Number of protein chains: 2
Amino acid sequence: MAWKVATFNVNGIRSRMAPVLEWLDRHRPDALCLQELKCQNADFPLDAFRKAGYFAAFRGQKAFNGVAVLSRSEPSEVLLEFGDGKPDEEARLIAVKLNGIWIVNTYVPQGRSPEEPAFEYKLDFFGRLKSWLDGRFEPSQPLVWTGDINVAPEAIDLFDPKRLAGKVSFHPREHEALAAVAAWGLVDVFRKLHPDTKQFTFWDYRLPQSFKRNLGWRLDHIYATRTLADACLECQADGEPRGRETPSDHTPVWAEFDLERLGAE
Amino acid sequence: MAWKVATFNVNGIRSRMAPVLEWLDRHRPDALCLQELKCQNADFPLDAFRKAGYFAAFRGQKAFNGVAVLSRSEPSEVLLEFGDGKPDEEARLIAVKLNGIWIVNTYVPQGRSPEEPAFEYKLDFFGRLKSWLDGRFEPSQPLVWTGDINVAPEAIDLFDPKRLAGKVSFHPREHEALAAVAAWGLVDVFRKLHPDTKQFTFWDYRLPQSFKRNLGWRLDHIYATRTLADACLECQADGEPRGRETPSDHTPVWAEFDLERLGAE
DNA sequence: GAGGGTGATG
DNA sequence: CATCACCCTC
């Protein structure tokens with residue numbers, strides 16, 4: 001029996017309910033991680049997801065950020081913060097334990113540009129994430145890290161790696177920070193299964209016709225700990241929602257795992 | 001051969017192009033008067049109307065008001081102001097001469113409430129209109145006055161005349177002002193043809209389920225000078241557009257005239 | 001409740 | 001280009 005996990009930066013959940021509900025209906029993932037809810041907790045459309053057969057754990061915030069995990073079974077644990085004592089945290093992290101497997105959903109800061117403080121904040125976020133994984137989890141456990149990671153790991157993961165080398169989301173310091181997190185014990189399952197495939201998950205609104213011309217980036221990822229990654233059957237970005245009338249700038253990514261090959265649950 | 005004239009307060013032409021073009025296609029009026037364009041001249045969708053086979057005369061304004069007349073033949077004259085010397089006028093009047101018949105399209109100020117200056121401005125608008133008709137036209141000529149008149153003439157023309165008596169759009173001073181314009185020589189052709197029919201043209205967004213519960217007002221009218229009114233074959237409000245997904249708060253009204261009974265053109 | 005304007009962010 | 005916030009009008 002395959003276990004399906006997905007991620008989707010919705011760019012405003014209130015403006016994206018139709019495509020999200022249709023996507024849930026078509027794919028029936030066991031868990032769907034959402035980023036950029038851009039709404040407060042009180043405005044989160046809990047009922048609509050319940051009617052669609054999904055539990056929802058979420059952390060909203062006014063206007064910006066906001067993350068959720070929708071799931072067909074109820075999480076046994078939910079975490080909403082790193083809990084490392086840094087104050088006034090933004091709503092960029094949520095982790096849920098589903099049938100014994102942790103799913104960590106992050107909306108990594110975009111970073112603006114390497115010259116700005118936002119870039120350091122982004123790098124620091126990766127550092128905090130690594131420390132948090134180190135302190136709370138074991139790489140030997142089945143665990144998924146997913147979300148809008150806001151880094152294209154390699155040249156194949158963006159439309160113009162030469163021109164964009166050193167820019168935000170494709171900068172050596174970001175690659176280093178991401179690699180440090182992965183070194184904890186996480187595998188990019190899309191790239192594991194498709195070593196040579198160029199497949200994007202984000203196309204900038206501000207670039208004219210970016211989706212039609214496929215001028216995109218692979219910024220949304222599904223990482224898994226080693227044993228779980230070995231049980232991964234497939235991972236794909238689904239460009240369909242990005243082709244619609246008023247889409248998010250991101251599109252969903254999903255992965256299927258054969259949990260029986262794992263002995264989990 | 002019937003001559004068909006219609007009026008539609010669109011509440012933002014840019015947000016209402018689909019229903020307007022479909023309505024034009026289905027009804028093929030000789031003239032369609034629009035109010036509340038809510039766009040500047042530069043943003044008026046002239047090309048789309050041309051493709052649909054219509055000429056357009058219009059007076060836009062940023063954010064508010066804005067009036068247009070779409071017509072299958074090109075107007076021989078267009079007027080955009082009362083020209084009575086009052087400054088800084090809002091885009092609430094357009095008149096076009098079509099095949100020898102003047103069509104006067106107004107978006108009469110709503111008036112807010114009888115206690116506010118906006119109410120006096122509304123009454124003054126009727127006064128200016130009357131003077132303008134007096135100075136420029138003859139009631140013996142065929143002439144149509146239509147648009148969002150923002151007054152329910154009689155008790156039958158709103159859903160709760162008792163509770164709303166004396167409120168804006170159903171106030172004695174508005175009735176007086178409207179009657180004074182009509183006394184120039186204009187007949188409400190809907191009421192002429194349907195003396196006892198309760199039929200609304202506006203349902204407030206702010207009243208829950210107002211359209212479904214038919215809690216409406218007849219605020220959009222087609223007046224004609226005597227000889228033309230006598231040639232009127234039919235006049236109806238078409239509720240269909242108001243029943244759609246994201247409708248205007250108003251719905252179109254149309255009237256057909258038998259011009260041969262007139263000897264016009 | 002639904003248009004529109006402005007200004008901010010990505 | 002497309003979110004959201006806050007403002008105004010009907």
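Residues numbered from 1 in each chain as written. Chains lettered and ligands numbered in written order. Predicted model: local features only at pLDDT ≥ 70, side-chain atom pairs only at ≥ 80, totals over all residues. Heavy atoms only, no water.

Section: the overall build of chain A
From N to C terminus, chain A includes 7 helices and 14 strands. Taken over C-alpha atoms, the radius of gyration comes to 17 Å for chain A, in line with the 18 Å a tight globule of 265 residues would show. With the principal axes as the frame, chain A shows a C-alpha extent of 45 × 40 × 40 Å. Residues counted as buried form 55% of the 265 residues belonging to chain A. (Helix = DSSP H or I, 4+ residues; strand = E, 2+ residues; numbered from the N terminus. Rg over C-alpha atoms; globule rule 2.2 N^0.38 Å. Buried < 20%, exposed > 50% of the residue type's maximum accessible area, 1.4 Å probe, protein only.)

Focus on the side chain of Ser248(B)
Residues and elements named next belong to chain B. Within the secondary structure layout, Ser248 lies in the loop between strand E13 (232-237) and strand E14 (253-258). When its relative accessible area of 1% is taken as the criterion, Ser248 is described as buried. In terms of polar contacts, Ser248 uses its side chain to reach the backbone carbonyl oxygen of Asn9, at 2.6 Å. A polar side-chain atom of Ser248 sits 3.1 Å from the main-chain amide nitrogen of His250. When residues no more than four places from it in sequence are discounted, the contact partners of Ser248 are Phe8, Asn9, Val10, Asn11, Arg16, Tyr205 and Arg242. (Polar contact = N/O pair within 3.5 Å; in protein donor to acceptor, adjacent residues only side chain to side chain. Contact = heavy atoms within 4.5 Å.)

Observations concerning the protein's contact with DNA strand D
The full set close to DNA strand D counts 16 residues, and Ser15(A), Arg16(A), Lys62(A), Tyr205(A) and Arg206(B) are the nearest of them. Ser15(A) places a polar side-chain atom, nitrogen or oxygen, 3.1 Å from a phosphate oxygen of DNA strand D. Residue Arg206(B) places a side-chain N or O atom 3.4 Å away from a base nitrogen belonging to DNA strand D. (Near = heavy atom within 4 Å.)

Re the sheet that holds strand E2 (residues 31-35) of chain A
Residues and elements named next belong to chain A. Spatially, 6 strands are ordered E3-E4-E2-E1-E14-E13 in an open sheet, and the strand pairing comes out mixed. Across the chains shown, the open sheet's two edge strands, defined by having one partner strand only, are strand E3 (55-59) and strand E13 (232-237). In this sheet, neighbouring strand axes are inclined to one another by 10° on average, regardless of whether the strands run parallel or antiparallel. Two elements, E3 and strand E4 (residues 67-71), share 5 bridges in a ladder whose sense is antiparallel. (Pairing = 2+ DSSP bridges. Axes fitted to C-alpha atoms, helices over the stretch in contact; angles between N-to-C directions.)

Focus on the protein's contact with DNA strand C
Taken together, the neighbourhood of DNA strand C is formed by 15 residues, with Arg112(A), Arg14(B), Ser15(B), Lys62(B) and Tyr205(B) sitting nearest. The sugar-phosphate portion of DNA strand C accounts for 65% of its atoms within 4 Å of the protein, the bases making up the rest. Measuring from a sugar or linking oxygen of DNA strand C, one finds a side-chain N or O atom of Arg14(B) at 3.3 Å. Ser15(B) is positioned with one of its side-chain polar atoms (N or O) 3.1 Å from a phosphate oxygen of DNA strand C. Looking at the surface near DNA strand C, its residues break down into 4 nonpolar, 4 polar and 7 charged. (Nonpolar A, V, L, I, M, F, W, Y, C, P; charged D, E, K, R; others polar.)

Comments concerning the packing of aromatic side chains
In total, this model carries 20 aromatic pairs over all chains according to the counting rule given. Ring centres of Trp102(B) and Phe137(B) lie 5.4 Å apart, and the angle between their planes is 70°; on these two criteria the pair is classed as edge-to-face. Residue Trp102(B) is found in strand E7 (residues 101-107), and its partner Phe137(B) is found in the loop between helix H3 (117-136) and strand E8 (143-148); the two are separated by 35 residues along the sequence. Phe137(B) carries the same exposure label as Trp102(B), and that label is buried. Taking the relative accessible area as the measure of exposure, Phe137(B) reaches 5% and is therefore buried. Across the ring face of Trp254(A), the terminal group of Lys4(A) is positioned such that the distance to the ring centre comes to 4.7 Å. (Phe/Tyr/Trp six-rings, centres within 6.5 Å; stacked < 30°, edge-to-face > 60°. Lys NZ or Arg CZ within 6 Å of the ring centre and 35° of its normal.)

Some points on the UniProt feature "binding site: Mg(2+)" (unreviewed entry) in chain A
All names here are of chain A. Per the UniProt record, "binding site: Mg(2+)" (unreviewed entry) is found at Asn9, Glu36, Asp148, Asn150, Asp249 and His250. In three dimensions, the annotated residues from a span of 242 residues occupy one location, with a maximal C-alpha spread of 12.6 Å. Looking at the element boundaries, Asn9 is found in strand E1 (residues 2-9). Take Asn9: its relative accessible area is 0%, and that puts it in the buried class. Mapped onto the secondary structure, Asn150 falls in the loop between strand E8 (143-148) and helix H4 (161-164). Given a relative accessible area of 5%, Asn150 falls into the buried group. Other than its neighbours up to four places away in sequence, Asn150 contacts Tyr107, Val108, Pro109, Gln110, Lys122, Ser169, Glu174 and Leu219. (UniProt positions renumbered as here; feature names shortened; annotations may be inferred.)

Considering helix H3 (residues 117-136) of chain A
Helical periodicity: at 3.6 residues per turn, an α-helix aligns residues three or four positions apart in one direction. All names here are of chain A. With 20 residues, H3 should reach 28 Å at 1.5 Å per residue; the first-to-last C-alpha distance of 28 Å fits that figure. Within the sequence span of H3, burial applies to Phe119, Lys122, Leu123, Phe125, Phe126, Arg128, Leu129, Trp132 and Leu133. Close packing links the buried residues of H3 with strand E5 (77-79), strand E6 (93-98), strand E7 (101-107), E8, helix H5 (172-182) and strand E9 (186-188). (Expected span 1.5 Å × (residues − 1).)

Digging into H5(A)
Residues and elements named next belong to chain A. For H5, the complete set of buried residues consists of Glu174, Ala177, Leu178, Val181 and Ala182. The arc that holds every buried residue of H5, seen down its axis, measures 140°, which confines them to one face. The exposed residues of H5 that point more than 90 degrees off its buried face are Pro172 and Glu176. For H5, the secondary structure elements touched by its buried residues are H3, E8, E9 and strand E12 (220-225). (Arc of directions from axis to C-beta.)

Focus: the pattern of salt bridges
Tallied over the full model, the rule gives 45 salt bridges over all chains. In this structure, Arg218(B) and Asp188(B) form a salt bridge, with 2.8 Å as the shortest nitrogen-oxygen distance. In this pair, Arg218(B) sits in the loop between strand E11 (216-217) and strand E12 (220-225) while Asp188(B) sits in strand E9 (residues 186-188), placing the two residues 30 residues apart along the sequence. Of the two residues examined, Arg218(B) and Asp188(B), each falls in the buried class. Linking Arg244(B) and Glu240(B) is a salt bridge whose minimum nitrogen-to-oxygen distance equals 3.0 Å. We classify Arg244(B) as partly exposed; its relative accessible area is 28%. Taken together, the salt bridges that share partners define one network made up of Glu154(A), Asp157(A), Asp188(A), Arg191(A) and Arg218(A). (Salt bridge = Lys/Arg side-chain N within 4 Å of Asp/Glu carboxyl O.)

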